[in-house]
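# Observations on chain architecture
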Amino acid sequence: MDKIKFNIDEKSLFYGMVNDFERGQTATVHTPLNQSKDPNKWHLDILELNRHDLETKIIPKELQKECLRNTTSQAQSKLVSLFEFKNILLDGDRLNTDSSFCMYIKEEISKVIKNRQGEEVLNTHFGRQKLHYPISLSYKRDGFNIDNQKVLKSILKQNGEFAFVVRGFEYSLQNKTLNFLTTIVGPHKIELSKVFKRAKGTGKKLLLNEIDINDYSLIEETYCYGNKVTQSEIEKIFEKANKTRAENGKLGEQIILEQLSHKDGISNLFHTSINYPTSPYDIEYYEGNIKKYIEVKATQGDKKIFNMSSGEIKFMNRYKENYILFLITNVKNNNPNIYMYTCDDINKMKYEHPTTRFYA
């Protein structure tokens, strides 16, 4: 094995979004490793880091203090391992940063804690370990150059100023590089509530904000990157045709996913738009070490016509070397027609603006 690949909690590390929740919301920046009593359900992929002697041997006391700050439960913890990654990639490409990224494993050692009522109770999470990767962690002395936020800012700059979610990491034992596996979820400063929703209850944790294809007004609003458009305006312009278009789009995506799933030489096939409907593309995968981005347009008719939002066009031109658009006509027929276009193909096409929107 020359690579250690591990996923993290899909809503724990994200960047480039505006926090629009009433009481605020921050990334959880950790992933539980041994939450279950069943070892088969432990995050063995992450624990693989410890098996390859990758941890930092000498950790200064000040850095240990930064990592061992008390949680809301005031449970005491011990630092199990700390990892400083100096050579960083972004989806397979070298990241332009001079800072290193730090993660660490922490274990709860308090057998008794105080609950919200101030009563002492047994800690049901005694012995629990988590992988932490706090955005605010910065430590630039004693030979360390850790600045997690600066690394994330470098990702934002290098990916074309798109908001993103980190889905996992890949560490190369041979090259000693940490590869950030990211998914773009929308334009820079997209509202957090458009990407995630908050769960009910005391903790109000984040959940994926899946969009119902029947809510066509929300789908169309999502595509108006950077421009706030009211639901009534959208309904007047697009009306119920958007519902049909959304249904056709999802059907088209399933057709392309099915084809790609049988194609040799690809890996990490991911249906992006199902998990993150605000993303400017629909599907992603790797072909060797190169990440590919797929947009799918589908129509019930036989005319080769499709619409693209300004956000989709911006993304296409930023990632044109790795971008493919599939147009499916007669999508509800048994044998639909499938056409493939590159960014250069699309930029040579005739286009028109059916409507012009004015802001007074």
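Preceding block: the structure.
What comes next concerns the included structure. (Residues numbered from 1 in each chain as written. Predicted model: local features only at pLDDT ≥ 70, side-chain atom pairs only at ≥ 80, totals over all residues. Heavy atoms only, no water.)

### Quick word on the overall build of the protein chain
To keep it simple, the criterion reads: For the purposes of this entry, the term helix denotes a DSSP run of H or I that reaches at least four residues, the term strand denotes a run of E that reaches at least two, and both are numbered from the N terminus. When accessible area is computed with a 1.4 Å probe and restricted to protein chains, residues below 20% of their type maximum are described as buried, those above 50% as exposed, and intermediate ones as partly exposed. When checking whether two residues touch, look at their non-hydrogen atoms; a contact exists if any pair is within 4.5 Å. Each accessible area is a Shrake-Rupley estimate made with a 1.4 Å probe; only the visible protein chains count as cover when residues are assessed.
When its secondary structure is counted, the protein chain shows 10 helices and 23 strands. Expressed as a percentage of its 360 residues, the buried residues of the protein chain come to 46%. Expressed as a percentage of contacts within the protein chain between residues at least 6 apart in sequence, the contacts between residues at least 24 apart total 63%. Taken as a whole, the protein chain presents about 20,100 Å² of accessible surface, with 47% of it coming from carbon and sulfur.

### Points about the environment of L251
Among the structural elements, L251 can be located in helix α7 (residues 241–261). What makes L251 partly exposed here is its relative accessible area of 34%. The spatial distance from the C-alpha of L251 to the C-alpha of I328 is 9.7 Å, given a sequence separation of 77 residues. Excluding anything up to four places from it in sequence, L251 contacts V331 and K332.

### Let's talk about helix α3 (residues 148–158)
Listing the buried residues of α3 in full gives N148, V151, L152, S154, I155 and L156. Count one or two residues on from α3 and you reach G160, which has phi positive near 95°.

### What to know about the sheet that holds strand β22 (residues 323–329)
Test applied: Two strands make a pair as long as DSSP finds a minimum of two bridges between them. Geometry is summarised by axes, namely lines fitted to C-alpha atoms with helices restricted to the contacting stretch, and by angles between N-to-C directions that run from 0 to 180 degrees.
Read from one edge of the open sheet, five strands run β19-β20-β21-β22-β23, paired in mixed fashion. Edge strands, defined here as strands with exactly one partner in the open sheet, are β19 (266–271) and β23 (337–341). Geometrically, the sheet is characterised by an average inter-axis angle of 20° between neighbouring strands, direction not taken into account.

### What about the packing of aromatic side chains?
Heads up, the condition is: Ring geometry is summarised as follows: Phe, Tyr and Trp rings, the Trp one being its six-membered ring, pair when their centres sit within 6.5 Å, and such pairs are stacked at plane angles under 30 degrees, edge-to-face over 60 and tilted between the two. A ring has a charge above it when a Lys NZ or an Arg CZ is no more than 6 Å from the ring centre and no more than 35 degrees off the ring normal.
All chains considered together, the criterion is met by 17 aromatic pairs. Taken together, the ring pairs in this structure connect F162, Y281, Y293, F315, Y319 and Y323 into an aromatic cluster. Above the face of the F162 ring, K314 is positioned so that its terminal group lies 4.9 Å from the ring centre. Here the basic side chain of R318 rests over the ring of Y319, its NZ or CZ set 4.6 Å away from the ring centre.

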